[in-house]
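Residues per chain, in single letters:
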Amino acid sequence: MAVAGEVLPSGSQELHVLAVDDSHVDRKVIEKLLKISSCKVTAVESGTRALQFLGLDGGKGSLGFNSFKVNLIMTDYSMPGMTGYELLKKIKQSSAFREIPVVIMSSENVLTRIDRCLEEGAEEFLVKPVKLSDVKRLKDCIMRGEKEENGGRRVHKRKFEDDSHPPSSTPTSPSTPLASPSLTAAPFACDIATSELLSSPLHSSKRAKLRNSD
Amino acid sequence: MDLVQLQRQLVEYRTSLYHEGFLDEQFTQLQELQDENNPEFVVEVVTLFFEDSERLLNELTKALEQQNIDFNRVDAHVHQLKGSSSSIGAQRVQKVCIAFRNYCEEQNVEGCLKCLQQVKNEYSLVRTKLKSMFQLEQQILTAGGSIPM
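Residues numbered from 1 in each chain as written. Chains lettered and ligands numbered in written order. Predicted model: local features only at pLDDT ≥ 70, side-chain atom pairs only at ≥ 80, totals over all residues. Heavy atoms only, no water.

## Some remarks on the interface of chain B and chain A
- Taken together, the contact between chain B and chain A spans 24 residues of the former and 17 residues of the latter.
- At the boundary of chain B with chain A, total buried surface from both sides reaches about 1,700 Å², with 59% on carbon and sulfur atoms.
- Here chain B and chain A share 4 salt bridges between them.
- Taking the shortest distance from any N to any O, the salt bridge between Glu-108 of chain A and Arg-101 of chain B comes out at 2.7 Å. (Contact = heavy atoms within 4.5 Å. Buried area = accessible area lost by both parts, 1.4 Å probe. Salt bridge = Lys/Arg side-chain N within 4 Å of Asp/Glu carboxyl O.)

## Description of the packing of aromatic side chains
- Applying the stated criterion to the full structure yields 3 aromatic pairs over all chains.
- Between Phe-50 of chain B and Tyr-123 of chain B, the aromatic rings sit 6.1 Å apart at their centres with planes inclined by 75°, giving edge-to-face as the arrangement. Of this pair, Phe-50 of chain B sits in helix 3 (residues 41-65) while Tyr-123 of chain B sits in helix 6 (residues 109-142), and the two are 73 residues apart along the sequence. When sorted by exposure, Phe-50 of chain B lands in the same class as Tyr-123 of chain B, which is buried.
- Aromatic rings pair up to connect Phe-49, Phe-50 and Tyr-123 of chain B into one cluster.
- Note that Arg-116 of chain A overlies the ring of Tyr-85 of chain A, its terminal NZ or CZ placed 4.2 Å from the centroid.
- For Arg-127 of chain B, the ring lying beneath its charged end belongs to Phe-50 of chain B, and the centroid distance is 5.7 Å. (Phe/Tyr/Trp six-rings, centres within 6.5 Å; stacked < 30°, edge-to-face > 60°. Helix = DSSP H or I, 4+ residues; strand = E, 2+ residues; numbered from the N terminus. Buried < 20%, exposed > 50% of the residue type's maximum accessible area, 1.4 Å probe, protein only. Lys NZ or Arg CZ within 6 Å of the ring centre and 35° of its normal.)

## Description of the pattern of salt bridges
All names here are of chain A.
- Applying the stated rule across the entire model yields 17 salt bridges over all chains.
- For the salt bridge of Glu-45 with Arg-49, the shortest nitrogen-to-oxygen distance reads 3.8 Å.
- Note that Arg-113 and Glu-108 form a salt bridge whose closest N and O atoms lie 3.2 Å from each other.
- On the basis of relative accessible area, Glu-108 is assigned to the buried category, the value being 17%.
- Through salt bridges with shared partners, a single network forms among Asp-21, Asp-26, Asp-76 and Lys-128.

## Description of the pairing of strand 5 (residues 124-127) of chain A
- Alternating positions in strand 5 of chain A separate into two faces, Glu-124 and Leu-126 of chain A on one and Phe-125 and Val-127 of chain A on the other, with burial throughout.
- In this fold, strand 4 (residues 102-106) of chain A hands off to helix 4 (residues 111-119) of chain A, which returns the chain to strand 5 of chain A; that crossover is right-handed. (Right-handed = clockwise from strand over helix to strand, strands pointing away.)

## Here's the deal with helix 4 of chain A
Residues and elements named next belong to chain A.
- Taken as a whole, helix 4 has its buried residues at Arg-113, Ile-114 and Cys-117. Buried residues of helix 4, seen end-on, are gathered within an arc of 100° and therefore sit on one face of the element. What points out from helix 4, more than 90 degrees from its buried face, is the exposed set Leu-111, Thr-112 and Glu-119.
- Taken together, the buried residues of helix 4 touch helix 3 (84-93), strand 4 and strand 5.
- Looking one or two residues beyond helix 4, the residue adopting positive phi is Gly-121, at roughly 110°. (Arc of directions from axis to C-beta.)

## Some words on the packing of helix 2 (residues 25-33) of chain B against helix 4 (residues 71-88) of chain B
Residues and elements named next belong to chain B.
- Interaxial distance between helix 2 and helix 4 falls to 6 Å at its minimum, and their mutual angle equals 60°. Regarding the angle of helix 2 to helix 4, the classification is oblique. Residues Gln-26, Phe-27 and Leu-30 of helix 2 form the contact with helix 4, whose participating residues are Ser-86, Ser-87 and Ile-88.
- Residues belonging to the contact of helix 2 with helix 4 are distributed by class as follows: 3 nonpolar, 3 polar and no charged. (Axes fitted to C-alpha atoms, helices over the stretch in contact; angles between N-to-C directions. Parallel < 35°, antiparallel > 145°, perpendicular 65-115°, else oblique. Nonpolar A, V, L, I, M, F, W, Y, C, P; charged D, E, K, R; others polar.)

## Let's talk about the environment of Thr-48 of chain A
Residues and elements named next belong to chain A.
- If you trace the backbone, Thr-48 turns up in helix 2 (residues 47-54).
- Looking at Thr-48, the relative accessible area reads 44%, which means it is partly exposed.
- Taking the C-alpha atoms as reference points, Thr-48 and Val-20, separated by 28 residues in sequence, lie 9.6 Å from one another.

## Describing unusual backbone geometry
- For the bond running from Lys-128 of chain A to Pro-129 of chain A, omega is 0°, close enough to zero to count as cis.
- Along the chain, Pro-129 of chain A turns up in the loop between strand 5 and helix 5 (132-151).
- Backbone geometry at Ser-38 of chain A places phi at a positive 60°, although glycine is not the residue there.
- Position of Ser-38 of chain A relative to the elements: it lies in the loop between helix 1 (24-36) and strand 2 (40-44).
- Of note, Gln-107 of chain B is a non-glycine position whose phi angle comes to about 55°, a positive value.

## Focus: helix 1 (residues 3-19) of chain B
All names here are of chain B.
- Here helix 1 spans 24 Å end to end across 17 residues, near enough to the 24 Å set by a 1.5 Å rise per residue.
- Those residues of helix 1 that are buried lie in contact with helix 2 and helix 6.
- After helix 1 finishes, the residue Gly-21 shows a positive phi value of roughly 80°. (Expected span 1.5 Å × (residues − 1).)

## Observations regarding the packing of helix 3 of chain B against helix 4 of chain B
Residue and element names in this part refer to chain B.
- For the pair helix 3 and helix 4, interaxial distance at closest approach is 10 Å and the crossing angle is 160°. As summarised for this structure, helix 3 and helix 4 are arranged roughly antiparallel, according to the angle between their axes. In this structure, helix 3 meets helix 4 at a crossing whose hand is left-handed. Residue-level inspection shows Val-45, Val-46, Phe-49, Asp-52, Ser-53, Arg-55, Leu-56, Leu-57, Glu-59, Leu-60, Ala-63 and Leu-64 of helix 3 in contact with helix 4, the latter providing Arg-73, Val-74, His-77, Val-78, Gln-80, Leu-81, Ser-84, Ser-85 and Ile-88. (Left-handed = near helix turned anticlockwise from the far one by under 90°.)

The structure is reproduced here in structure tokens:
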């Protein structure tokens, strides 16, 4: 498929991840997890620093530099000053950056917290400690998303899920009506309930990965 | 002690740390992230944990010595300690932090002081044990051997 629009940095498939965490230990670990997964990492200690890096703080920052293009933001939830949730909101409110997937990390799996973050547009909510398998799964998801972006218009987040099931593919779900032409011809028509049934791997990313709680 | 004996000793020691709950699966995860590009990774992360913990334990001591204890502040510190201990797999420290946070919520001074003492003890224990383990690893490397997984 011809690549139109934004190209990934240096023409490579390397994802650039901005990691935000006030914990020195966690920054080091997430950085390692991402590097091992062949991602480029910028780790910062606060939401404020993250916004500065993105150039959202009013300063010129790194806007317009392709090499600084961030493909994914992973942020801790509980941070002093600006929380991860507040950072998420600011990013989603920005026309320049709202398309960047934001993942929230938290040591506490509080359902209301998870819901709030997902509602605000978080890609996923990961319960700490984050594992290599989490990062690998995320990376696959984002890479697929980036390909979609380069190959076609990504208007709404939900559309990108539907694009992964082009009309010609065999239905992943046993319920044949879901693969009916009327559905695939008008992907926007499917509501949340219907798309959930398609059991796309992308949907599992919408679920918070819950671990044994404290 | 010869190389094989050293390696055996390390494996036994490490196993006992898991067995006694000092370390959990997260520590294993960290070891698996270590490679030739960064052979000191685990030591580096654990060193950061030591630095963080010592700072937090000092802060906690000060905060609990105050006339009017700011429990939110105490809780914030414990939350951080809980987070970093969880990130390196220091399970016993993490467990005390959970109890500690409950006492903070109840604004129970005695409970908090008890937990502070407990967490200091657990921290001290895991620190000693990890340092011993790293020393054993270093001995093996110096003897020209490799660290058994």
